[in-house]
Amino acid sequence: MSETIILGIESSCDDTSAAIIKGNQILSNIAANQTIHNEYGGVVPELASRAHQQNIIPVVTKSFSKANIQQNDICAIGFTRGPGLLGSLLVGTSFAKSLAMSLNVPLIEVNHLQAHILAHFIDDANPQPPKFPFLCLTVSGGHTMIVLVKDYFDMEIIGKTIDDAAGEAFDKIGKIFDLDYPAGPIIDKLAKEGNPNAFQFNKPKLDNYDYSFSGIKTSVLYFIQKEVKKNPNFIQENLKDLCASIQKAIIEILMKKLEKAAKDLNITEVAIAGGVSANSALRKAMQANHEKLGWNIYIPKFEYTTDNAAMIAMVAKLKYERGEFTDLRTTATSKYDL
Ligand code: KG4
Ligand code: ZN
């Protein structure tokens, strides 16, 4: 039997992406990143939706040509149905539905969060994929959660943020420092040359596996306001140390709960996923726990960390094998439980 070839489409936030998967192997993974939001300090939903409309056809066309695949070769189309920004999701959803109808192939809805986690099963993602059950710290601009992954489609959220997501904290604190959006990667880069012990920020005290990031954001804001009153150049003069210190605090908060969950559940298979899993300090902390605690760690390749259609195609392929198809009358949904 020839291997399944599937087109995946992602448009949940500000990245328009299309990918072709053959078996578990990614043949192309194309993304158009929207830079129009940089000056606003966050994604503007209306602008995102309009940019998706402009990008979707070129991105899908490029994904076919890069993969050297004809439209008639595909067996199904997977698309992100949610969660995300409704206006953005609608573009990918409508496009996927129309193309599935015209090519007469099945449509497969994909949960964006499941996709971040299941990206670990793409052929070139890990030398060995994680073994069930594993824990996956899923950290992005919209979500921060510790997920107990019992099987491909049997996942339980055991802890999550009660306010801001970790990526959101990076981005909002970056805005205080007058950095472009998204600030996460910029803070990561600047932190490399800064002293992580230069400044201390209060950490949340929550008992279970839940997170909170709004307190640290507020404490950074008050601290900066106070210092800037004394020295208007405070941020510029201390930017690298500020970035290193804030990054250290956020990663410590993330790792503490993950370590507690791994210990309590006696699990040593531990993965990270989502945009913030690109963070170099988080990757180092995982590596340290591999050495210190004997964790088998799963860290996604950079192209599978931030939003991408390769992960959508991967989930679609798993669903295709299970015969789980989606009715053409389906519609996008901004909320979509794991
Ligand atoms: O998964 P993603 O692309 O989109 C969502 O589903 O939200 O994640 C985007 C988030 C942004 O908040 C961005 O600042 C953050 O991931 N991010 C990072 C890094 N790269 C991306 N945060 C910290 N360090 C990074 N290197
Ligand atoms: Zn995402």
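The rules behind each value
Residues numbered from 1 in each chain as written. Chains lettered and ligands numbered in written order. Predicted model: local features only at pLDDT ≥ 70, side-chain atom pairs only at ≥ 80, totals over all residues. UniProt positions renumbered as here; feature names shortened; annotations may be inferred. Helix = DSSP H or I, 4+ residues; strand = E, 2+ residues; numbered from the N terminus. Near = placed C-beta within 6 Å. Nonpolar A, V, L, I, M, F, W, Y, C, P; charged D, E, K, R; others polar. Domains from an automatic or database assignment. Pairing = 2+ DSSP bridges. Axes fitted to C-alpha atoms, helices over the stretch in contact; angles between N-to-C directions. Contact = placed C-beta atoms within 7 Å. Buried ≥ 20, exposed ≤ 12 C-beta atoms within 10 Å, placed from the backbone. Core = buried A, V, L, I, M, F, W, Y, C linked by C-beta atoms within 7 Å.

Would you mind going over the UniProt feature "domain: Gcp-like" (unreviewed entry) in the chain with me for this structure?
Mapped onto the present numbering, the UniProt feature "domain: Gcp-like" (unreviewed entry) falls on residues 25-313. Between the end C-alpha atoms of residues 25-313 the distance is 10 Å, and the span holds 47% helix and 17% strand.

When you look at the site of ligand 1 in this model, what are you seeing that I'm missing?
Around ligand 1, 19 residues are found, and the nearest of them are Gly 141, Gly 167, Gly 184, Gly 275 and Thr 306. Going through the elements one at a time, α4 (166-176) and α5 (183-191) are the ones with two or more residues in the shell around ligand 1. Broken down by element, the shell around ligand 1 gets its largest block of residues, four residues, from α5. Taken together, the residues of the shell around ligand 1 break down into seven nonpolar, nine polar and three charged. If you count residues domain by domain, the shell around ligand 1 takes at least three from each of domain 1 (5-119 + 305-322) and domain 2 (130-299).

Is there a simple way to explain the sheet that holds strand β3 (residues 25-33) in this structure?
Hydrogen bonds between backbone atoms are what pair the strands of a sheet, whose relative direction is either parallel or antiparallel. The sheet built from five strands is open, its strands ordered β3-β2-β1-β4-β5 with mixed pairing. Two strands close off the open sheet at either side, each with one partner strand: β3 and β5 (107-111). Across the sheet, the axes of successive neighbouring strands diverge by a mean angle of 20°, strand direction being ignored. Along the sheet, helix α1 (residues 45-67) makes contact with β1 (5-10), β2 (15-22) and β3, crossing β2 at roughly 25°. Each of β1, β4 (76-82) and β5 is contacted by helix α2 (residues 86-103), which is oriented at about 155° to β4, the strand it contacts most.

Looking at this model, I keep getting lost on the domain arrangement of the chain. Mind explaining?
A common way to report how large an interface is uses the accessible area buried once the components associate. Once the domains are mapped, the chain shows domain 1 (5-119 + 305-322) and domain 2 (130-299). Look at where the C-alpha atoms of domain 1 and domain 2 centre, and you get two points 27 Å apart. With 14 residues of domain 1 at the contact, the number on the domain 2 side is 17 residues. Here the side of domain 1 that touches domain 2 takes five residues from helix α3 (residues 112-118), the largest share from any one element. Of the residues belonging to the side of domain 1 that touches domain 2, the class tally is six nonpolar, eight polar and no charged.

It is not clear to me how the UniProt feature "binding site: substrate" (unreviewed entry) in the chain should be interpreted in this structure. Could you clarify?
Following the UniProt record, one finds the feature "binding site: substrate" (unreviewed entry) at Thr 138, Val 139, Ser 140, Gly 141, Gly 142, Asp 171, Gly 184, Asp 188 and Asn 279. Structurally, Thr 138 is set in strand β6 (residues 134-139). The class of Thr 138 is buried, set by 27 C-beta atoms lying within 10 Å. What Thr 138 contacts, discounting residues up to four positions off in sequence, is Leu 113, His 116, Ile 117, His 143, Met 145, Val 147, Ala 273 and Gly 274. Looking at the secondary structure, you find Gly 141 in the loop between β6 and β7 (144-151). Classification of Gly 141 as buried rests on a count of 25 C-beta atoms within 10 Å. Beyond its immediate chain neighbours, meaning those up to four positions away, Gly 141 contacts Ala 165, Gly 167, Glu 168, Asp 171, Pro 182 and Gly 275.

Teacher, can you tell me more about the nonpolar core here?
Across soluble globular proteins, you tend to see nonpolar side chains buried next to one another. Of all hydrophobic cores here, the largest spans 92 residues; its most connected members are Ile 312 and Ala 313. A per-element tally of this core places helix α7 (residues 234-265) first, with 12 residues. Two domains each put at least three residues into this core: domain 1 (5-119 + 305-322) and domain 2 (130-299). Setting aside residues no more than four positions away along its own chain, Ala 313 makes contact with Ile 6, Leu 7, Gly 8, Ala 19, Ile 20, Ile 21 and Gly 78. With six residues, the next largest nonpolar core counts Ala 48, Ala 51, Leu 85 and Leu 89 among its residues.

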